Amino acid sequence: MNSHRKLEAITPTTASGLLRAGAVVVDAGDVRFDSAVRYGGGRILSIEPASELTPSEAETVLAPGFVNAHAHLDLGAASGMPAPAGGFLPWVSSVMRRRESLDAAEVVAGVRRSASRLLATGTTTVLDIDATGLALEALAHSAIRLISLRELIDGSPAEPDGRTRAAMAEAREALERVPGERRAAGLSPHGVHTVSDALLADLARVRAGAPVAVHWAETAEETEWMLSGTGAFGQWLGPSPGVSGVERLSRAGLLDGALLIHGNCPAPGELEQLSGRCGAVVHCPGSHLYFARAPFRLGELLAAGVDVALGTDSWASNADLDMRREVRLARETLGLSGHEAWRMATEAGARCTPWAHVTGRLGVGDAADIQRLRPRNSAWRTRPEGGQLLDLLTAVEPEVQSVWVGGVLAEG
Ligand SMILES: [Zn+2]
């Protein structure tokens, strides 16, 4: 998707340099020991064998920065919120109350706090759901590569009302902005259960290839209500659409290339309908643990031909915004290899951005989105197979020493 904007979206920068390390992770399937990465104009210019590394270079690994496929940066002020008793709906209410209590300065501070934490822990690209319209300006001086997805919500699949028209205007305004270097604009109709058919259809009309992310099938109660109108969500949302979330998105013309967030409880037939259509489903392991959800059905998704990326979600439902931790949790809870967890934390998310096949890997010509890592375990210096290095990097969070985005050194 978005091939017309894929390369132009990165404005060349003047930063250039040569980085040497004991290993370079080009991508999940290509690890090169004792190598040097030369970058300039925001891109990787070459990867060459290196000799006579200094001890501090030799003990580090250069790797592509993580792509965090789902975050709400503006909930940076919501960390430490105790989980309310009673399950998911009381949590939604408490987050909404918390959000409404924040003034613009607090939102901006929260966005910056979230982005700083992501950069400091190796994330170079984030797909952020922006509920306030403040995120782009808040991050005007941040190095992070940002896909700012304007959150649009008009309450339920029922008849359109004033909120629908307001959301349509917000969508147009978000897409008309010129986001700037390392920035892209997109749309996030909040959830398959919280937006009207009229809003979905309007977003499909104005999308024009822009990234789209939608919350989908997060809870069994949501899926039950979507199909039959019964259960706890009926009190909250009123009449149900009587069809699955995937079917609603498909009918509206919004399914292709969309990023579907969570996907914990698909309805029968939805996975088959997704195959080859959506960009990826985003799994958020830390948020999944916070809500003590049933095991994520990764095997079924992959078997249906649906790719899965990883995200942090927000501080309102996670202990940290740290993709290293999400990768470790994904391995621990899903039984993944280091190779597969690494791919889900980099290339899988990158495919759903305007920088597909440019970030998420460190090949020649790719963006110079780089992290220098120091593994906690020195066993990798015996030059294991590349896959074993990825196993070590993802089993225990490595130290992140430095991060570059488009060749620009990020200030944590
Ligand atoms: Zn979310």
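Fair warning: this is a prediction, and the values are worked out from it, not measured in the lab.

Peer 1: How do you make sense of the overall build of the protein chain when you look at a structure like this?
Peer 2: The number of helices and strands found in the protein chain is 16 helices and 15 strands. If you line up the protein chain on its principal axes, its C-alpha atoms span 70 × 40 × 40 Å. Within the protein chain, the fraction of its 412 residues that count as buried is 51%. The contacts of the protein chain with a sequence gap of at least 6 include a subset with a gap of at least 24, amounting to 73%.

Peer 1: Would you take a moment to explain the sheet that holds strand β4 (residues 61–64) for this structure?
Peer 2: Read from one edge to the other, the open sheet built from seven strands follows the order β3-β2-β1-β4-β13-β14-β15, with strand pairing classed as mixed. In this open sheet, the two edge strands, each paired with only one partner strand, are β3 (43–49) and β15 (408–409). For strand β1 (residues 16–27) and strand β2 (residues 30–40), the ladder comprises ten bridges, and the chain directions are antiparallel. Within the sheet, the bridge partner assigned to V25 lies in β2 and is V31. Where helix α16 (residues 386–395) meets the sheet, it contacts β1, β2, β4 and β13 (370–374), and its direction lies at approximately 75° from that of β2.

Peer 1: Before we go on, may I ask you to explain helix α7 (residues 220–228) in this structure?
Peer 2: One full turn of an α-helix is made of 3.6 residues, so residues set three or four places apart face in the same direction. Those residues of α7 that sit buried are E222, T223, W225 and M226. For α7, the arc enclosing every buried residue in end-on projection is 165°, short of the 170-degree limit, so these residues lie on one face. After α7 finishes, the residue G229 shows a positive phi value of roughly 80°.

Peer 1: What should I look at first to understand the nonpolar core in this one?
Peer 2: Among soluble globular proteins, nonpolar side chains are generally buried collectively. Formed by 113 residues in total, the largest nonpolar core has its most connected members in A258, L259 and A280. Here this core spans two domains, and each of domain 1 (3–65 + 361–409) and domain 2 (66–350) adds at least three residues to it.

Peer 1: Explanation requested: the environment of T219 in the structure shown.
Peer 2: Here T219 lies in the loop between β9 (213–216) and α7. Residue T219 is classed as buried on the basis of its 20 C-beta neighbours within 10 Å. Each C-alpha atom of the pair T219 and R293 lies 8.5 Å from the other, and the pair is 74 residues apart in sequence. In this view, T219 contacts F88, N264 and C265; residues no more than four positions away in its chain are not counted.

Peer 1: Looking at this structure, I do not really get helix α6 (residues 197–206). What am I missing?
Peer 2: Taken together, the buried positions of α6 are L199, L200, D202 and L203. Looking down the long axis of α6, one finds its buried residues gathered within 165° of arc, a one-sided arrangement. Elements in contact with the buried residues of α6: β7 (145–152), α5 (162–176), β8 (183–189) and α9 (245–252). Following α6 by one or two positions, A208 adopts a phi angle in the positive range, close to 50°.

Peer 1: What is the right way to look at the sheet that holds β8 in this model?
Peer 2: In a beta sheet, neighbouring strands are held together by backbone hydrogen bonds and run either parallel or antiparallel to one another. Taken in spatial order, the four strands make up an open sheet running β5-β6-β7-β8, and their pairing is parallel. Whereas interior strands pair on both sides, the edge strands pair on one side only; in this sheet they are β5 (66–71) and β8. Strand-to-strand, the axes of this sheet are offset by a mean angle of 20°, without reference to chain direction. Each of β7 and β8 touches α5; the most contacted strand, β7, lies at about 165° to it. Sheet strands in contact with α6 are β7 and β8, and its direction is about 155° off that of β8.

Peer 1: I tried to follow the packing of helix α14 (residues 338–345) against α16 on my own but got confused; where do I start?
Peer 2: Axis angle and axis distance: for two packed helices, these are the angle between their axes and the distance between the axes, and together they describe the pair. Two numbers describe how α14 lies on α16: the axes approach to 8 Å, and their chain directions differ by 70°. Here α14 is positioned roughly perpendicular relative to α16, judged by the angle of their axes. The hand of the α14/α16 crossing is left-handed. Judged by residue contacts, G338, H339, A341 and W342 of α14 engage G387, L390, D391, L393 and T394 from α16.

Analysis parameters
Residues numbered from 1 in each chain as written. Predicted model: local features only at pLDDT ≥ 70, side-chain atom pairs only at ≥ 80, totals over all residues. Helix = DSSP H or I, 4+ residues; strand = E, 2+ residues; numbered from the N terminus. Buried ≥ 20, exposed ≤ 12 C-beta atoms within 10 Å, placed from the backbone. Contact = placed C-beta atoms within 7 Å. Pairing = 2+ DSSP bridges. Axes fitted to C-alpha atoms, helices over the stretch in contact; angles between N-to-C directions. Arc of directions from axis to C-beta. Core = buried A, V, L, I, M, F, W, Y, C linked by C-beta atoms within 7 Å. Domains from an automatic or database assignment. Parallel < 35°, antiparallel > 145°, perpendicular 65-115°, else oblique. Left-handed = near helix turned anticlockwise from the far one by under 90°.

So, to be careful, I would describe these as geometric facts and stop short of saying anything about function.
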